[in-house]
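# Observations on the model geometry
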Amino acid sequence: MSLYDDTVLVLEKYEGQDQEQRALRDVYLEHLAAHPDGVYKPCRAGHVTGSALVIDPAGRRVLLTLHKKLGIWLQMGGHCEPGDSTLAGAALREAVEESGIASGLSLLPGGPVRLDRHPIPAPCNWHLDVQYAALAPADAVAEISEESLDLRWFPYETVAAVADTSVVRLLERTLARL
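For every chain, the first residue of the written sequence is number 1, and numbering continues from 1 onward in sequence order. This being a predicted model, a pLDDT of at least 70 is required before a residue's local features are given, and a value of 80 or more before pairs of side-chain atoms are given or counted; all residues contribute to the totals for chains, interfaces and linings. Excluding hydrogens and water, the side-chain figures rest on all heavy atoms present in the structure.

### Focus on the layout of surface pockets
Condition: In this analysis the probe radius is 1.4 Å and the grid spacing 1 Å, with only protein atoms considered; a cavity is a set of points the probe fits into but cannot get out of, a pocket is an open set with protein on both sides within 12 Å along at least five of seven lines, and lining residues have an atom within 4 Å of a point. Grid points are joined across faces, edges and corners, and a volume is the space filled by probe spheres set on the points. In this text, helices come from DSSP runs of H or I with a minimum length of four residues, and strands from runs of E with a minimum of two, each type numbered from the N-terminal end. Throughout, the ten residues Ala, Val, Leu, Ile, Met, Phe, Trp, Tyr, Cys and Pro are labelled nonpolar, Asp, Glu, Lys and Arg are labelled charged, and all others, Gly among them, are labelled polar.
The volume enclosed by the largest pocket comes to roughly 950 Å³. Forming the boundary of the largest pocket are 35 residues, of which His67, Leu70, His79, Ile120 and His127 lie nearest the centre. Of all the secondary-structure elements, those providing two or more residues to the lining of the largest pocket are strand 1 (47-56), strand 2 (61-67), strand 4 (76-79), helix 3 (87-99), strand 6 (114-119) and strand 7 (126-135). Considering each element in turn, the lining of the largest pocket owes the most residues, 4 residues, to strand 4. Split by residue class, the lining of the largest pocket holds 10 nonpolar, 13 polar and 12 charged. Estimated volume of the second largest pocket: approximately 220 Å³. Lining the second largest pocket are 14 residues, with Tyr14, Gly110, Gly111, Pro112 and Arg177 positioned closest to its centre.

### A closer look at the environment of Phe154
Using the following cut-off: Each residue is placed in one exposure class: buried if its accessible area under a 1.4 Å probe, protein chains only, is under 20% of its type's maximum, exposed if it is over 50%, and partly exposed if it falls in between.
Looking at the element boundaries, Phe154 is found in strand 8 (residues 148-155). Take Phe154: its relative accessible area is 8%, and that puts it in the buried class.

Given below as structure tokens:
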């Protein structure tokens, strides 16, 4: 199965927690139907990205990265690459690369936690982000990557003070699933 086929299947199975998420899923599926290259960065109409909120339930904390280009605290994530065979695998790969946690990360069962569509600068138009949650072992040690300015663990209750609404909603949905 190709990454494109896997992504379509993941989205078709995604039920979302409300009408807004289901409508967004339909937008993603329509985009992919119109753009068979829509899982990769070169698709100028927009492209699917995979991200994962790294969470340590035992420590009641999340790991966020200070994005190098945007200068804001976000979950780990990024573009799908030609070697990715699944969207979940792409999200987990990004989480490992950006967190520096070499072993022990695993995606929260049940598929994506939520979807977030946001505009990006030209020449592309949109990131169609499929957001997962990655569980970290209690003893996980993060190591900053070249892709971020900083990397920090934040207690659940402080995330709203440092991150944007999409990250806060991702944390809320992740905690509801836990």
